[in-house]
Amino acid sequence: MRTLIAFVAVLTMVAVASAGDNEGATVNMMPVETTFLHPGDVVEVEIYGSGLVNAKGFSVVLEYDTDRLEYVDGSFDYSGGLFDGAISPGAALIGNTVEVGAAFVTGGASGDGLLGKLRFKVADGATSGDVLVKATLAKFMNQDGTKDEVVPFARTLVKVRLVAMESATWGEIKVMVR
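**Student:** Would you explain the layout of surface pockets in this entry?
**Tutor:** Using a probe with the size of a water molecule, rolled over the atoms, empty space left in the structure can be pinpointed. Looking at the largest pocket, its volume works out to about 260 Å³. Residue assignment for the lining of the largest pocket shows that the elements contributing at least two residues are strand E4 (57-63), strand E6 (91-94), strand E7 (97-103) and strand E9 (129-141). No other element matches E7, which puts 5 residues into the lining of the largest pocket. For the lining of the largest pocket, a count of residues per class yields 9 nonpolar, 4 polar and 3 charged.

**Student:** Looking at this structure, I do not really get the side chain of Asn142. What am I missing?
**Tutor:** Topologically, Asn142 is positioned in the loop between E9 and strand E10 (147-150). A polar contact of 3.0 Å, which involves the side chain of Asn142, links it to the side chain of Asp148. Here Asn142 is in contact with Gly20, Asp21, Asn22, Lys56, Lys147 and Asp148, once residues within four sequence places are set aside.

**Student:** Is there a simple way to think about the nonpolar core in this case?
**Tutor:** Membership of the largest hydrophobic core comes to 37 residues, with the highest contact counts inside it found for Ile47, Leu52, Val60, Leu62, Phe83, Leu115 and Phe120. Mapped by element, the contributors of at least two residues to this core are strand E1 (26-30), strand E3 (42-55), E4, strand E5 (69-71), E7, strand E8 (109-122) and E9. In contact with Leu62, other than residues within four places in its own chain, are Met29, Ile47, Asn96, Thr97, Val98, Leu118, Val133, Lys134 and Ala135.

**Student:** What should I look at first to understand the confidence of the model for the chain in this one?
**Tutor:** Segments scoring low in pLDDT should not have their predicted coordinates read at a detailed level. Of all residues in the chain, 74% attain a pLDDT of 70 or more, and the chain-wide mean is 79. Confidence, read as mean pLDDT per element, is least for helix H1 (residues 2-18) in the chain (34) and greatest for E7 (96). Note that residues 1-18 has pLDDT below 50 and, in this model, 1 contact with residues that lie over four places away or in other chains.

**Student:** In this structure, what is going on with the pairing of E6? I would like to understand it.
**Tutor:** Consecutive residues of a regular strand have side chains that alternate between opposite faces of the sheet. Bridge count for E6 against E7 is 4 bridges, and the pairing is antiparallel. The residue of E7 that forms the bridge with Leu93 is Val98. Once E6 ends, the chain turns through 2 residues before running back antiparallel as E7, passing Gly95 with a positive phi of about 60 degrees.

**Student:** It is not clear to me how the environment of Asp148 should be interpreted in this structure. Could you clarify?
**Tutor:** Locating Asp148 in the fold gives a position in strand E10. Counting along the chain gives 93 residues from Asp148 to Ala55, while the straight-line C-alpha distance between them is 9.9 Å. In this structure the side chain of Asp148 is engaged in a polar contact, spanning 2.8 Å, whose partner is the backbone nitrogen of Gly20.

**Student:** I would appreciate a short explanation of the pattern of salt bridges in the present structure.
**Tutor:** Any two side chains of opposite charge can pair, given that their charged atoms come close. Enumeration over the complete set of coordinates arrives at 2 salt bridges. Put simply, Glu44 and Arg119 hold a salt bridge, and the shortest N to O gap is 4.0 Å. Of this pair, Glu44 sits in strand E3 while Arg119 sits in strand E8, placing them 75 residues apart in sequence. By relative accessible area, which is 34% here, Glu44 ends up partly exposed. Given a relative accessible area of 33%, Arg119 falls into the partly exposed group. Among the ionic pairs, Lys121 bridges to Glu70, the shortest N-O distance being 3.7 Å. With Lys121 in strand E8 and Glu70 in strand E5, this residue pair connects regions lying 51 residues apart in the sequence. A relative accessible area of 24% places Lys121 in the partly exposed class.

Rules used throughout
- Residues numbered from 1 in each chain as written.
- Predicted model: local features only at pLDDT ≥ 70, side-chain atom pairs only at ≥ 80, totals over all residues.
- Heavy atoms only, no water.
- 1 Å grid on protein atoms, 1.4 Å probe; cavity = no way out; pocket = protein on both sides within 12 Å on 5 of 7 lines; lining within 4 Å.
- Points joined across faces, edges and corners; volume = space filled by probe spheres on them.
- Helix = DSSP H or I, 4+ residues; strand = E, 2+ residues; numbered from the N terminus.
- Nonpolar A, V, L, I, M, F, W, Y, C, P; charged D, E, K, R; others polar.
- Polar contact = N/O pair within 3.5 Å; in protein donor to acceptor, adjacent residues only side chain to side chain.
- Contact = heavy atoms within 4.5 Å.
- Core = buried A, V, L, I, M, F, W, Y, C linked by side-chain atoms within 4.5 Å.
- Buried < 20%, exposed > 50% of the residue type's maximum accessible area, 1.4 Å probe, protein only.
- pLDDT = per-residue confidence, 0-100.
- Pairing = 2+ DSSP bridges.
- Salt bridge = Lys/Arg side-chain N within 4 Å of Asp/Glu carboxyl O.

What follows is the structure, encoded as structure tokens:
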């Protein structure tokens, strides 16, 4: 039992020792809710950071329903935000997630503001209903090379109402209704 307590105490000290300047930073997304989108419509999602302290870089992983939404390739844009002038590899698509980020070669970002924006298109075969785009993980790189992981809050959810096309037939007349 004493060994277990000592092990837990060491883990606690390591966790405290590894915390960096950006451990208290947060990530939020806008819009909070978008309604009445049809297949082919595009929604722009903005990612915001707050509480940054001289952050050298950031990475945010967004999860979404790939049956209803498609990431618009090349749409990640971080210009005009906290990381304006940084470099970015763009977006990495892995399964039902997209990871975006940027980093400075020299310097850092502090304060609150836009991290970047990206777009999703409503898939052609999307069915009606709600779909969530949510930040599942965010990391901020400190000047000393350490990374602080931030678990985004529930308020980072983006709710999209999809209104898919439905067909109706009356005799010989076929109608497509949006």
